Amino acid sequence: MKFRKAIVAFGIGLALGFLARKQYERCQRITPEKALKLAKEYYKNQGPISGSWIYMKPEEIEKNGITYMAYRGGVTLPKADGNKRYEFYADVETGAIIGSVQTA
């Protein structure tokens, strides 16, 4: 009887741990490195990337009346007439590019 209770308790603990992990992963922000990787994938459609950077601390920005927490970063794309630099904001929840501007 004790063995059966131990097995049931182990099973319940395993299930609760699995559910807690899933909930934690759902609420977790993406890392700045992952946001940069997603941004680089976006910019690769415009050509090869020669440099990239991202700030590790998220910033609060407002766009279209909505406030976002976002990572600020940038990429450099070599072109025939010189390097083109772009700065972007990536959402900390999804990694989506919120805004992008060419700086040079």
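It should be emphasised that the depicted structure is a prediction, and the values quoted were computed from it without experimental measurement.

Calculation notes
Residues numbered from 1 in each chain as written. Predicted model: local features only at pLDDT ≥ 70, side-chain atom pairs only at ≥ 80, totals over all residues. Heavy atoms only, no water. Helix = DSSP H or I, 4+ residues; strand = E, 2+ residues; numbered from the N terminus. Rg over C-alpha atoms; globule rule 2.2 N^0.38 Å. Buried < 20%, exposed > 50% of the residue type's maximum accessible area, 1.4 Å probe, protein only. Pairing = 2+ DSSP bridges. Expected span 1.5 Å × (residues − 1). Contact = heavy atoms within 4.5 Å. Lys, Arg positive; Asp, Glu negative; His and termini not counted. Salt bridge = Lys/Arg side-chain N within 4 Å of Asp/Glu carboxyl O. Polar contact = N/O pair within 3.5 Å; in protein donor to acceptor, adjacent residues only side chain to side chain. Core = buried A, V, L, I, M, F, W, Y, C linked by side-chain atoms within 4.5 Å.

**Points about the overall build of the protein chain**
Right, so step 1: For the protein chain, the count of helices and strands is two helices and five strands.
Right, so step 2: For the protein chain, the sequential pattern of α-helices and β-strands runs α-α-β-β-β-β-β.
Right, so step 3: Computed over its C-alpha atoms, the radius of gyration of the protein chain comes to 21 Å, more than 25% above the 13 Å expected for a compact globule of 104 residues.
Right, so step 4: C-alpha extents for the protein chain along the principal axes are approximately 80 × 35 × 20 Å.
Right, so step 5: Counting only residues that meet the buried cut, the protein chain has 24% of its 104 residues in that class.

**A short note on the pairing of strand E2 (residues 59–63)**
Right, so step 1: Direction of pairing for E2 relative to strand E3 (residues 66–79): antiparallel, over a ladder of five bridges. Considered in E3, the bridge of Glu 59 is made with Ala 70.
Right, so step 2: In textbook terms, the turn of a hairpin is the stretch between consecutive antiparallel strands, and for E2 and E3 this stretch comprises two residues, one of which, Asn 64, has a positive phi near 55°.

**Things to note about helix H2 (residues 32–43)**
Right, so step 1: Over its twelve residues, H2 runs 16 Å from end to end, which matches the ideal 16 Å to within 8%, given 1.5 Å per residue.
Right, so step 2: The elements touched by buried residues of H2 are strand E1 (51–54), E3, strand E4 (82–91) and strand E5 (97–102).

**Quick word on the side chain of Asp 91**
Right, so step 1: Of note, Asp 91 is situated in strand E4.
Right, so step 2: This buried residue, Asp 91, is left without a salt bridge; Arg 29 holds the nearest opposite charge, at 8.4 Å.
Right, so step 3: With residues up to four places along the chain from it excluded, the contact list for Asp 91 reads Ile 30, Tyr 68, Met 69, Ala 70, Ala 96 and Ile 98.

**Quick look at the pairing of E4**
Right, so step 1: Here ten bridges tie E3 to E4, and the two strands are oriented antiparallel to one another. Bridged to Ala 70 within E4 is Asp 91.
Right, so step 2: Counting the residues that bridge the hairpin from E3 to E4 gives two residues.
Right, so step 3: Hairpin connection of E4 to E5: five residues between the antiparallel strands, including Gly 95 at a positive phi of 85°.

**Topic: the side chain of Arg 72**
Right, so step 1: Examined against the element boundaries, Arg 72 turns out to sit in strand E3.
Right, so step 2: A polar atom in the side chain of Arg 72 sits 3.3 Å from the side chain of Glu 59.
Right, so step 3: A polar atom in the side chain of Arg 72 sits 3.5 Å from the side chain of Glu 87.
Right, so step 4: With residues up to four places along the chain from it excluded, the contact list for Arg 72 reads Trp 53, Ile 54, Tyr 55, Glu 59, Glu 87, Phe 88 and Tyr 89.

**What to know about the nonpolar core**
Nonpolar side chains in soluble globular proteins tend to end up buried together.
Right, so step 1: If you look at the biggest cluster of nonpolar residues, it comprises 13 residues, and the most contacted ones within it are Ala 35, Tyr 43, Ile 54, Tyr 71, Val 75, Tyr 86 and Phe 88.
Right, so step 2: At the level of secondary structure, the elements contributing two or more residues to this core comprise H2, E3 and E4.
Right, so step 3: The element that contributes the greatest number of residues to this core is H2, accounting for four residues.

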